[in-house]
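# Observations on chain architecture
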There are 2 protein chains.
Amino acid sequence: MKKIAIIGLGLIGGSLAIELKKYYHAYIIGIDNDEMHLNKSIELGFVDEAGSLPNISSCNLVIIATPVNIIPILAIEILNSISPDTLVIDVGSTKATICNALSHHPKRENYVATHPIAGTEFSGPTAAIPNLFKNKVLIICEKHLSSAALLEKTIQLFENLQMRITFIDDADVHDKQIAYVSHLSHISSFMLGKTVLEKENNENTIFNMAGSGFESTVRLAKSSPKTWTPIFMQNKNNILESLDEYIKNLTLFKDLLVNEDDQQVFEVMKNTNRIKDVLSGINKIKTI
Amino acid sequence: MKKIAIIGLGLIGGSLAIELKKYYHAYIIGIDNDEMHLNKSIELGFVDEAGSLPNISSCNLVIIATPVNIIPILAIEILNSISPDTLVIDVGSTKATICNALSHHPKRENYVATHPIAGTEFSGPTAAIPNLFKNKVLIICEKHLSSAALLEKTIQLFENLQMRITFIDDADVHDKQIAYVSHLSHISSFMLGKTVLEKENNENTIFNMAGSGFESTVRLAKSSPKTWTPIFMQNKNNILESLDEYIKNLTLFKDLLVNEDDQQVFEVMKNTNRIKDVLSGINKIKTI
């Protein structure tokens, strides 16, 4: 039986545990510094045993699914103590700081840096759900620094979870791109929620009008600050660049409204409609 | 048989036609200055006959579902020619300009100003779908200016479509609130899409990473510029106010990142998580 340690039993760690039990009948050792999370995961049935770092050396696979700020330290500590064949994976939303911290580790080739592009706005072990990763993308960074055998094992593992594997060799490139596509979405959503909550004292009004596009656009503002604060801090420079561009575009649009330039307002939206074609492929893949 | 005229055969007009045929077996006279929309609506079966403004006087109900900039002129023209018992409704996303234009019309009491809080990011007659309005909110403005009988008829009509009716007597209040909750969501989404499209030349990267929150946050950027340009222009002042607040909040958040104030970044997100409770009632109602 496969023995797998998962550190961090939240949305991602918990959902991975569910899949690994389903596809591999894996025996899951769960580690979380929040004892309630640990107990809940055992109660929900996707963790078999509460573990601790010193006793994971018998595992063939260790998955780190904690907030990104503690991944580098954890990864080093784990690499220091594992057996030569053990595969260590992290699933954090940032990759550069983690990859840089491990680049000279003698057991770097036991490590595969991944980012599953999957999630919901919910958090903690009760947010763990089946099929979260099905038909989603897994990004692997710096594949050349992982051993060929363990890289292959990782690919197999996530392909069995029905994920599509893509590679971004440069972790800095990953972080810059994900700042624009994912992290900026979260900030735009959080600030939309904040702006509306500050203005509208009557929650019933928000509630009544939310069906008009607000509900879906503000969805990410339900996300966990515990997960996202470290991501924003770690990817600060890229996020600041994307935020600057975003604020610039909002200001330009505001100016078009001030000048009542309806022609340009129309054009800007028309050009942005192109996002429909870019994203339509996603739905094609989803229905495969 | 109920004879109903619908002017503007897009997402909202078309979806209303579908419901009115379902619940009332209504005979629908469709009017649209885009002949392709008209033919498509007849082909799709939710319009029975192509009409024109002069020949709608025999209808008991006229629904105006065009872009908001032409609603005031259309509404006046229609009110001028209808019989005393005919009910005229508009379903535009703004209410103040329309209500102001009609406030002194001798047949104002034949008019009910509504805003169904329902929609998708798609447009045109092919976007018309069944059940679009089910369990959604219908806002009625200036109800005191409509005749009691026709107001009651309107309430009955939309309650039969399983909508929840709410009243905002002051159309200016409606427009200010909807600017924050709905119109700002659309602008934040359009500018998010623009920012990402400008930065990322490789559409495949956007596509691969879109599952990380981008896809849902940018959904509204697929919306029709033909619908939304007039809304933004007509509700300009309120939208400018909401945009200013939004840009201010984004700038404050940016400053927190610059100063690496992770405590405050956490707090701001934690406080905004309250949106979860505000919106949770919606899902309760959805499942009724």
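See the structure printed just above.
The structure reproduced in this document is the subject of the present report. All figures in this text were calculated on a predicted structure; none of them were measured in a lab. (Residues numbered from 1 in each chain as written. Chains lettered and ligands numbered in written order. Predicted model: local features only at pLDDT ≥ 70, side-chain atom pairs only at ≥ 80, totals over all residues. Heavy atoms only, no water.)

### Side note on the overall build of chain A
When its secondary structure is counted, chain A shows 12 helices and eight strands. Dimensions of chain A, computed from the C-alpha atoms along their principal axes, are close to 65 × 40 × 35 Å. The buried share of chain A, reckoned over its 288 residues, is 60%. Of the contacts made within chain A by residues no fewer than 6 positions apart, 73% connect residues no fewer than 24 positions apart. Total accessible area on chain A stands at roughly 11,200 Å², and carbon and sulfur atoms take up 51% of it. (Helix = DSSP H or I, 4+ residues; strand = E, 2+ residues; numbered from the N terminus. Buried < 20%, exposed > 50% of the residue type's maximum accessible area, 1.4 Å probe, protein only. Contact = heavy atoms within 4.5 Å. Areas by Shrake-Rupley, 256 points an atom, 1.4 Å probe, with all protein chains shown as cover.)

### Concerning the side chain of S41 of chain B
Residues and elements named next belong to chain B. Within the secondary structure, S41 is located in helix α2 (residues 35-44). Taking the relative accessible area as the measure of exposure, S41 reaches 0% and is therefore buried. Polar side-chain contacts of S41 include one of 2.7 Å to the backbone oxygen of H37. When sequence neighbours within four positions are dropped, the list of residues in contact with S41 reads L9, F46, V47 and P125. (Polar contact = N/O pair within 3.5 Å; in protein donor to acceptor, adjacent residues only side chain to side chain.)

### Focus on the environment of H174 of chain A
Take H174 of chain A: it is sitting in helix α6 (residues 171-199). Overall, H174 of chain A belongs to the buried group, its relative accessible area being 0%. When the C-alpha positions of H174 of chain A and A96 of chain A are compared, they lie 7.8 Å apart, and in sequence the two are 78 residues distant. Discounting residues that sit within four places of it in the chain, H174 of chain A has contacts with S93, T94, K95, H115, I139, C141 and I168 of chain A together with M209 of chain B.

### Some remarks on the sheet that holds strand β3 (residues 49-50) of chain B
Residues and elements named next belong to chain B. Strand order across the open sheet formed by eight strands is β3-β2-β1-β4-β5-β6-β7-β8, with mixed pairing between neighbours. With partners counted over all chains shown, the strands left at the sheet margins are β3 and β8 (164-168), one partner each. With four bridges joining them, strand β4 (residues 61-64) and strand β5 (residues 87-90) adopt parallel strand pairing. Bridge pairing links L61 to L87 in β5. In the packing of helix α1 (residues 11-24) onto the sheet, the strands contacted are β1 (3-7), β2 (27-31) and β4, and the crossing angle to β1 comes to about 165 degrees. On top of the sheet, helix α5 (residues 148-160) reaches β4, β5, β6 (111-117), β7 (137-141) and β8; it is set at about 55 degrees to β5, its chief contact. (Pairing = 2+ DSSP bridges. Axes fitted to C-alpha atoms, helices over the stretch in contact; angles between N-to-C directions.)

### A few points about the interface of chain B and chain A
Between chain B and chain A, the residue contacts involve 92 residues of the former and 93 residues of the latter. Between chain B and chain A, roughly 9,000 Å² of surface is buried when both sides are summed, and carbon and sulfur atoms account for 71% of that area. Linking chain B with chain A are eight salt bridges, by the criterion used here. Linking E241 of chain B and K199 of chain A is a salt bridge whose minimum nitrogen-to-oxygen distance equals 2.8 Å. Our count for the chain B to chain A interface comes out at 29 residue pairs in polar contact (both at pLDDT 80 or more). With 21 residues, helix α6 (residues 171-199) of chain B is the largest single contributor of residues to the side of chain B that touches chain A. For the side of chain B that touches chain A, the per-class residue count stands at 44 nonpolar, 26 polar and 22 charged. (Buried area = accessible area lost by both parts, 1.4 Å probe. Salt bridge = Lys/Arg side-chain N within 4 Å of Asp/Glu carboxyl O. Nonpolar A, V, L, I, M, F, W, Y, C, P; charged D, E, K, R; others polar.)

### Some thoughts on helix α3 (residues 71-81) of chain B
Residues and elements named next belong to chain B. Residues of α3 that are buried: I71, P72, L74, A75, I78 and L79. For α3, the angular spread of the buried residues around the axis is 160 degrees, confining them to a single face. Of the exposed residues in α3, those oriented more than 90 degrees away from the buried face are I73 and N80. In this structure, the buried residues of α3 make contact with β1, β4, β5, α4 (96-102) and β6. (Arc of directions from axis to C-beta.)

### A look at unusual backbone geometry
Residue and element names in this part refer to chain B. We note that E142 has phi near 50 degrees; this positive angle belongs to a residue other than glycine. Tracing the backbone through its elements, the reader meets E142 in the loop between β7 and α5. Taking the relative accessible area as the measure of exposure, E142 reaches 12% and is therefore buried. Although it is not a glycine, Q162 adopts a positive phi angle of roughly 65 degrees. Relative to the helices and strands, Q162 is located in the loop between α5 and β8.

### Side note on the packing of aromatic side chains
The geometry of an aromatic ring pair comes down to the distance between the two centres and the angle between the two planes. Residue and element names in this part refer to chain A. In total, this model carries five aromatic pairs over all chains according to the counting rule given. Residues W228 and F232 carry aromatic rings whose centres are separated by 5.7 Å and whose planes lie at 45 degrees to one another, so their mutual orientation is tilted. With a gap of four residues between them, W228 and F232 both fall in helix α9 (residues 225-234), about one helical turn apart. Overall, W228 belongs to the buried group, its relative accessible area being 11%. Given a relative accessible area of 0%, F232 falls into the buried group. (Phe/Tyr/Trp six-rings, centres within 6.5 Å; stacked < 30°, edge-to-face > 60°.)

### Some remarks on the pairing of strand β1 (residues 3-7) of chain A
Residue and element names in this part refer to chain A. The buried fraction of β1 is high, at four of five residues. The pairing of β1 with strand β2 (residues 27-31) spans five bridges and is parallel. Residue A5 lies in a different strand from β2, and its bridge partner there is I29. Following the backbone out of β1, through helix α1 (residues 11-24) and into the adjacent parallel β2, one traces a crossover that is right-handed. Where β1 meets strand β4 (residues 61-64), four bridges bridge the pair, whose relative direction is parallel. Looking at the pairing, I6 lines up with I63 of β4. (Right-handed = clockwise from strand over helix to strand, strands pointing away.)

### A look at the packing of helix α10 (residues 236-258) of chain A against helix α10 (residues 236-258) of chain B
At their nearest, the axes of α10 of chain A and α10 of chain B sit 10 Å apart, and the two run at 165 degrees to each other. The orientation of α10 of chain A relative to α10 of chain B falls into the category roughly antiparallel. The two elements α10 of chain A and α10 of chain B cross, and the hand of that crossing is left-handed. Within the contact between the two elements, α10 of chain A uses K236, I239, L240, L243, D244, Y246, I247, L250, T251, K254, L257 and V258 of chain A and α10 of chain B uses K236, I239, L240, L243, D244, Y246, I247, L250, T251, K254, L257 and V258 of chain B. Among the residues making up the contact of α10 of chain A with α10 of chain B, the classes are represented as 16 nonpolar, two polar and six charged. (Parallel < 35°, antiparallel > 145°, perpendicular 65-115°, else oblique. Left-handed = near helix turned anticlockwise from the far one by under 90°.)

### Focus on the sheet that holds strand β6 (residues 111-117) of chain A
Across a sheet, strands are paired by hydrogen bonds formed along the backbone, either parallel or antiparallel in direction. Residue and element names in this part refer to chain A. Taken in spatial order, the eight strands of this open sheet run β3-β2-β1-β4-β5-β6-β7-β8, and their pairing is mixed. Both edges of this open sheet fall to β3 (49-50) and β8 (164-168), since each of them pairs with a single strand only. Across the sheet, α1 touches β1, β2 and β4, and the angle it forms with β1 is around 165 degrees.

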